[in-house]
Amino acid sequence: MTATVTNPEVDKSTDGGTSRGTGGARRRLPRIPDRIRQGGLPYLLLLPAVLLELLIHIIPMVIGIVMSFRQLTQFFINNWGAAPWIGLDNYRIAVDFDAPIGEALLHSFFVTCVFTFFSVGFAWLLGTAAAILLQESFRGRGVLRAIFLVPYALPVYAAVITWAFMFQRDNGLINHVLHDQLGITDEPSFWLIGDNSIYTLIIVSVWKGWPFAFLMLMAGLQNIPRELYEAASIDGAGIWQQIRKITLPSLRPVNQVLVLVLFLWTFNDFNTPYVLFGKSAPESADLISIHIYQSSFVTWNFGTGSAMSVLLLLFLLLVTAVYLILTSRGRKGADV
Amino acid sequence: MRHLRAASAVTLAIAIAAAATGCGGGTTDSGSNESPKTLTYWASNQGPSIEADKEILTPELKKFEKETGIKVKLEVVPWADLLNRILAATASGQGPDVLNIGNTWSASLQATGALLPWDDKNFEAIGGRDRFVDSAVASAGKEGEPPAAVPLYSLAYALYYNKKMFAEAGIDGPPATWDDLVATGKKISKGGKWGLGAEGGNLSNNIHQTFVLGQQHGADFFDKDGKATFTSDGAVAAVKQYIDFMAKDKIIAPGNAEYAQNQSLTDFAKGKTAMVLWQAAASTFAAQGMKPEDWGAAPVPVPSGTPGTGKQVNSMVAGINIAVFKNTKNIDGAKKFVKFMTSDEEQKHLNKTYGSIPPVKTAQADEAFGAPDLTVLRDTLATSAAPLPQVPNESQFETAVGTAVKELWADAAAGRPVTEASVKARLEKAQQTMQQ
């Protein structure tokens, strides 16, 4: 039930239904000439969306691509139309993996892949487990569901800065528990600098990401007919078999979208590393989003930064395309 | 017909969007007097909070309005946002008329060409270049070119020490040389107490400290043509000396490697750390419950002898400058405002409030700046402070070398060896990322 209420898509369609229902309100609107209604109206209705799409996505993207072909540094940002056109040089710098800039980009790419794999993996596992466990009705289920959604509802900055405080070496809660109370570590560990930083990043990212998986999967579970489970249990299927043979296959369409969305969000995540580590992340946690930000806005090489962004965009488009092709093939197979 | 309409709608949309996103960047004209009655001023956050800054500045802006009839719209911008805001304003051409900049950014921002150059004529309009302390003007732009800004508040580094902790350890006074500092630090560093504090995660602070040590080792980090020389022997020695306070001498607590929010000042105020190298820390110590007699200020140590002109640099020229956006719609008003802010009276009042030193000579002579710690800062600025390299890619330098030092702190804190070779390797990598 909760899922149905909180799902914005459902809300929208309900609104649509209501406005369609109140025919009286519609009749008061001025009459639209037949010519427009027949031919132009769809275009007219699309126009605001097209305008906004242009403003928010297309034009900045085109500007970004143009920038990637120019030598745009502090010398030209005042009049960036005058920045010299240098063709593919920015791209060459970005992918010259023997030189430090390319090498650092490649390093941050690998770090981001590892980070994304574990973050999405754990977020999905936790979300699935929680959604399945909370399917059964029990006392306090509503409260638990609400609590589970807290990380998703909190403003990212406030939440991540709290994590940053907890991960501080000398005054943080994490070391207080691990070292002072449980005595697991010999001495207090560093979590925000050095090699441990990647673990910190994954922990915070999973904490932030799993409620979304939980929410989506809980909604998906509502659509599985109870009779399937009843029939399966009569046939003697245990809980694991039910999960493997009924729950997971039925959740497949939800999971396909969920994993893709989580992947894209996590791969591009800027807020978490920026709030945890500031503008210069430790090497072990140097995510590509921060790396590009640093190239563009901290060292003022907007051209190179733009080229890196375009490369990232191409990579994500490619992965998305391959993923969609593979999963749609899988679906066709399943249908047969 | 329908297609034609659709096409014209799309064209219109593109035109609107292009205008809204400011295609083509800013203009290069140098100001006009289209709206002589108003000014927008971006002040950097100097006081304990943005609200405090507004309270401090608003009465002064009212005074200016009374004198000139020009209304000043104030916006206080936090430090973390300021540079990005300036960059955005530069790229769009939609900036304030007058703004504060960190003086280490002067040459970088000068290179954008968006700021009004302070040539002799413009300096005349505010009372002449000679009114300002030389080192402060030197930190307002590239040598040999008209400065991109005018000094507003000046600061320098001093060595702050906890008198009680010194007395407990049987130490008479503050160290004058680095050897003294290490010896003093070792006497104190035991039982959870430490000799010196550092802010390992703060890139700018890392740069300030290693730049000064670099100067003492005869290294500039840039050659005369503005090319990076991060791996010179002096630069390597300077960075290693700084990290060795933790790695070898063990007078800095390992936890300081991740400090970036002024935690070392809190440690100092709590009596955990006996010394810090800082610019005007008095107000922070007071806010954390220290009394003025609890701490002392001394010049930053030097390798040997005493600091002074032509002898030893022991601070960078720190401070805030005031600049005018070249495409302002009120060029005369903007100059009047800079003149007002750098007038003797305002300089005394504002610098007193913020705990900084006036870069205006006549204001500096005021007795309010004769308190012991401010005297140290004032003398340092006058005799032994050097501006950070005034090169267009100063911003890159701060990030690249600041990050290298940050990584070295992490090595030291984790107990990994910090050697001349490892320092050089990090600096080498930093240098290679410097494009242009």
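Thresholds, definitions, all that
- Residues numbered from 1 in each chain as written.
- Chains lettered and ligands numbered in written order.
- Predicted model: local features only at pLDDT ≥ 70, side-chain atom pairs only at ≥ 80, totals over all residues.
- Heavy atoms only, no water.
- Helix = DSSP H or I, 4+ residues; strand = E, 2+ residues; numbered from the N terminus.
- Polar contact = N/O pair within 3.5 Å; in protein donor to acceptor, adjacent residues only side chain to side chain.
- Contact = heavy atoms within 4.5 Å.
- pLDDT = per-residue confidence, 0-100.
- Pairing = 2+ DSSP bridges.
- Axes fitted to C-alpha atoms, helices over the stretch in contact; angles between N-to-C directions.
- Salt bridge = Lys/Arg side-chain N within 4 Å of Asp/Glu carboxyl O.
- 1 Å grid on protein atoms, 1.4 Å probe; cavity = no way out; pocket = protein on both sides within 12 Å on 5 of 7 lines; lining within 4 Å.
- Points joined across faces, edges and corners; volume = space filled by probe spheres on them.
- Phe/Tyr/Trp six-rings, centres within 6.5 Å; stacked < 30°, edge-to-face > 60°.
- Buried < 20%, exposed > 50% of the residue type's maximum accessible area, 1.4 Å probe, protein only.
- Patch = residues over 30% accessible without salt bridge, like charges linked within 9 Å, V, L, I, M, F, W, Y side chains within 5 Å.
- Areas by Shrake-Rupley, 256 points an atom, 1.4 Å probe, with all protein chains shown as cover.
- Parallel < 35°, antiparallel > 145°, perpendicular 65-115°, else oblique.
- Nonpolar A, V, L, I, M, F, W, Y, C, P; charged D, E, K, R; others polar.
- Core = buried A, V, L, I, M, F, W, Y, C linked by side-chain atoms within 4.5 Å.

1. Focus on the side chain of S356 of chain B
Residue and element names in this part refer to chain B.
- Within the secondary structure, S356 sits in the loop between α14 (344-354) and α15 (361-364).
- At 2.7 Å, the side chain of S356 forms a polar contact with the side chain of N351.
- Contacts of S356, omitting those with residues within four sequence positions, involve Y153, S154, L155, N351 and F369.

2. Focus on the confidence of the model for chain B
Residue and element names in this part refer to chain B.
- The pLDDT averaged across chain B works out to 89; a share of 92% of its residues lies at or above 70.
- Contacts from residues 1-29, a stretch scored under 50 in pLDDT, to residues over four places away or in other chains number 33 contacts.
- Interface confidence for the predicted complex, given as ipTM, is 0.82, next to a pTM of 0.84.

3. Quick look at the sheet that holds strand β3 (residues 98-102) of chain B
All names here are of chain B.
- The mixed open sheet is built from five strands, whose spatial order is β2-β1-β3-β10-β4. The open sheet has two edge strands with one neighbour each: β2 (71-77) and β4 (150-155). Strand-to-strand twist of the sheet, defined as the mean angle between neighbouring strand axes without regard to direction, takes the value 20°.
- Judged from the seven bridges that link them, strand β1 (residues 38-44) and β2 form a sheet pairing that is parallel.

4. A look at the sheet that holds strand β6 (residues 194-196) of chain B
Residue and element names in this part refer to chain B.
- The strand order across the open sheet formed by four strands is β6-β7-β5-β8, and the pairing between neighbours is mixed. Strand pairing shows two members of the sheet lacking a second neighbour, β6 and β8 (295-298), which therefore form its edges. Sheet twist, expressed as the mean angle between neighbouring strand axes with direction ignored, is 25°.
- Of the pairings in the sheet, the one linking β6 to strand β7 (residues 273-279) comprises two bridges and is parallel in character.

5. A closer look at the interface of chain B and chain A
- Contacts between chain B and chain A engage 51 residues on the former and 45 residues on the latter.
- Where chain B touches chain A, the interface holds three salt bridges.
- Salt-bridge contacts for R416 of chain B lead to D195 of chain A; the nearest nitrogen and oxygen are separated by 3.7 Å.
- On the surface where chain B and chain A come into contact, there are 12 residue pairs in polar contact (both at pLDDT 80 or more).

6. Digging into empty space enclosed by the protein
Residues and elements named next belong to chain B.
- The final tally for this structure, using the stated rule, is three cavities of 30 Å³ or more.
- What the largest cavity holds in volume is close to 70 Å³.
- Among the elements that line the lining of the largest cavity, the one with the most residues is helix α9 (residues 203-216), at four residues.
- The wall of the second largest cavity is formed by G197, A198, E199, N205, Q209, Y242, S264, V276, L277 and W278.
- Contributions of two or more residues to the lining of the second largest cavity are made by α9 and β7.

7. Some words on the packing of aromatic side chains
Residue and element names in this part refer to chain A.
- Throughout the structure, instances matching the rule amount to 43 aromatic pairs over all chains.
- Between F267 and F315, the ring centres sit 5.4 Å apart and the planes meet at 35°, which makes this aromatic pair tilted. Taken together, the residues F267 in helix α13 (residues 239-268) and F315 in helix α16 (residues 302-335) connect sequence positions 48 residues apart.
- Look at F267 and you get buried, because its relative accessible area is 2%.

8. Side note on a nonpolar patch on the surface
All names here are of chain A.
- Together, M61, I65, L313, L314 and L317 give the surface a local cluster of nonpolar side chains, amounting to about 420 Å² of exposed area.
- If you list the elements that add at least two residues to the nonpolar patch, you get α4 (34-67) and α16.
- The element best represented in the nonpolar patch is α16, accounting for three residues.
- Summarising the element assignment, M61 is placed in helix α4.
- With relative accessibility at 41%, the residue M61 sits in the partly exposed group.

9. Some remarks on the packing of α9 of chain B against helix α17 (residues 394-413) of chain B
All names here are of chain B.
- As a packed pair, α9 and α17 sit with axes 8 Å apart at the nearest point and diverge in direction by 90°. When the axis of α9 is compared with that of α17, the two are roughly perpendicular. Contact residues: α9 offers L203, S204, N206, I207 and T210, while α17 offers F397, E398, T399, V401, G402, T403, V405, K406 and W409.
- Taken together, the residues of the contact of α9 with α17 break down into six nonpolar, six polar and two charged.

10. Overview of the nonpolar core
All names here are of chain B.
- Of all hydrophobic cores here, the largest spans 83 residues; its most connected members are Y160, F230, F245, F285 and W409.
- Sort the elements by how many residues they give to this core and α17 lands first, with 10 residues.
- Once you skip the residues sitting within four places of it in the chain, F285 turns out to touch Y160, L265, F268, V276, M290 and W295.
- Among the nonpolar cores identified, the runner-up in size contains 32 residues, and L57, V72, F132 and I322 belong to it.

11. As for the pattern of salt bridges
All names here are of chain B.
- This structure, assessed with the given rule, holds 20 salt bridges over all chains.
- Here E407 ties to R426 by a salt bridge, and the two come within 4.0 Å at their closest N and O atoms. Remark: R426 occurs in helix α18 (residues 420-432) and E407 occurs in helix α17; sequence separation between them is 19 residues. Just as E407 is buried, R426 falls in that class too.
- As a salt-bridge pair, D411 and R416 come within 3.1 Å of each other at their nearest N and O atoms.
- Looking at R416, the relative accessible area reads 35%, which means it is partly exposed.

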